[in-house]
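# Commentary on secondary and tertiary structure
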Amino acid sequence: MKNFNVPLCNALRRKIGKALANWHMINEGDKVLVGLSGGKDSLVLLHALNDFSKRSPVKFSLSAFTVKLTGMNTEPLEDYCEKKNIDYKIIEHPIIEIINIRNEKSPCSFCANMRRGIISSWASENGFNKLALGHSLDDSVETFFMNLFHTGRAKSFMPVAHMSRTNVTVIRPLVLSSEAAIIDEAKRLELPVIPSACPFAGHTQRQKTREFVYELQKNVPDIQGKIIHALENLSTSESWQILE
């Protein structure tokens with residue numbers, strides 16, 4: 001039987017703690033719902049927030065939620081949450097089938113938006129005010145370049161974003177944590193990462209952008225840090241505003 005009570009490593013705890021503090025992600029009495037996809041990012045996020053909930057002077061409750069895709073095996077996730085005494089809810093939804101029927105051109109974006117909508121609606125209906133998602137530093141940089149290449153906008157997702165329709169606030173505590181560190185931690189903790197049920201994995205615009213960033217890092221090793229610094233310091237005084 002695996003021991004899921006091993007604490008989070010100090011290096012990753014510092015990164016997550018910095019994100020939580022920088023953007024005031026969690027406050028006293030918050031009800032936090034983690035979107036648990038079964039991938040390494042969401043599992044490390046759940047493990048980390050569960051760890052923080054026991055150590056932090058700021059008291060908050062924690063639960064997990066999975067939108068179950070067709071063919072997805074959630075038993076390892078159910079076992080993990082049971083052992084950690086984390087309330088866990090699963091709702092099945094035929095997102096992949098909908099994508100195929102629509103012949104969706106951007107399946108990754110469509111799936112993410114639909115899952116976020118399902119989770120945020122359920123969170124709102126069940127009294128949660130925070131929705132924690134497992135987007136990493138790499139995800140934020142890739143999103144920046146995808147927006148730049150496809151929409152001509154220098155932006156990425158926000159570390160904290162309020163959704164007015166459901167009155168739920170999305171938080172991204174892993175936004176300063178690298179994918180490499182998350183992979184290493186998932187392996188060290190022996191988290192029950194499940195295989196992706198997505199038939200489009202590895203053939204998306206995000207994967208192409210990830211490969212572009214990887215090549216870029218060979219010449220600019222700190223490109224991720226520079227992009228995050230730019231996002232943190234965007235100002236209207238530096239933009240090319242067209243004067244009326």
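Quick look at the structure, then.

Conventions adopted
- Residues numbered from 1 in each chain as written.
- Predicted model: local features only at pLDDT ≥ 70, side-chain atom pairs only at ≥ 80, totals over all residues.
- Heavy atoms only, no water.
- Helix = DSSP H or I, 4+ residues; strand = E, 2+ residues; numbered from the N terminus.
- Buried < 20%, exposed > 50% of the residue type's maximum accessible area, 1.4 Å probe, protein only.
- Contact = heavy atoms within 4.5 Å.
- Expected span 1.5 Å × (residues − 1).
- Pairing = 2+ DSSP bridges.
- Axes fitted to C-alpha atoms, helices over the stretch in contact; angles between N-to-C directions.
- Phe/Tyr/Trp six-rings, centres within 6.5 Å; stacked < 30°, edge-to-face > 60°.

### Examining the side chain of His 47
- With respect to the helices and strands, the residue His 47 is situated in helix 2 (residues 40–55).
- Since its relative accessible area comes to 2%, His 47 is described here as buried.
- His 47 has contacts with Phe 4, Val 6, Tyr 80, Lys 84, Leu 189 and Leu 191, leaving out every residue within four places of it along the chain.

### Structural notes on helix 2
- Taking 1.5 Å as the rise per residue, helix 2 with 16 residues should run 22 Å; its terminal C-alpha atoms sit 22 Å apart, in good agreement.
- Most of helix 2 is tucked away: 13 of the 16 residues are buried.

### Details of the sheet that holds strand 6 (residues 168–171)
- Here 6 strands make up an open sheet; going across it, the order is 3-2-1-4-6-5 and the pairing mixed. The two strands at the open ends of the sheet, each matched to only one other strand, are strand 3 (87–92) and strand 5 (160–163). This sheet shows a mean twist of 25° between the axes of neighbouring strands, independent of strand direction.
- Strand direction decides the pairing type here: strand 2 (residues 61–68) and strand 3, joined by 6 bridges, are parallel.

### Here's the deal with the packing of aromatic side chains
- In total, this model carries 6 aromatic pairs according to the counting rule given.
- Here Phe 65 and Trp 122 contribute two aromatic rings whose centre-to-centre distance is 4.9 Å and whose plane-to-plane angle is 45°, an arrangement assigned as tilted. Residue Phe 65 is found in strand 2, and its partner Trp 122 is found in helix 5 (residues 107–125); the two are separated by 57 residues along the sequence. Residues Phe 65 and Trp 122 agree in their burial class; the two are buried.
- Ring centres of Phe 145 and Phe 212 lie 5.4 Å apart, and the angle between their planes is 75°; this geometry places the pair in the edge-to-face category. Here the residue Phe 145 occupies a position in helix 6 (residues 137–151), and Phe 212 occupies one in helix 8 (residues 205–219), the gap between them amounting to 67 residues.
- Residue class for Phe 145 comes out buried when judged on its relative accessible area of 7%.

None of the figures reported here should be taken as evidence of function without further support.
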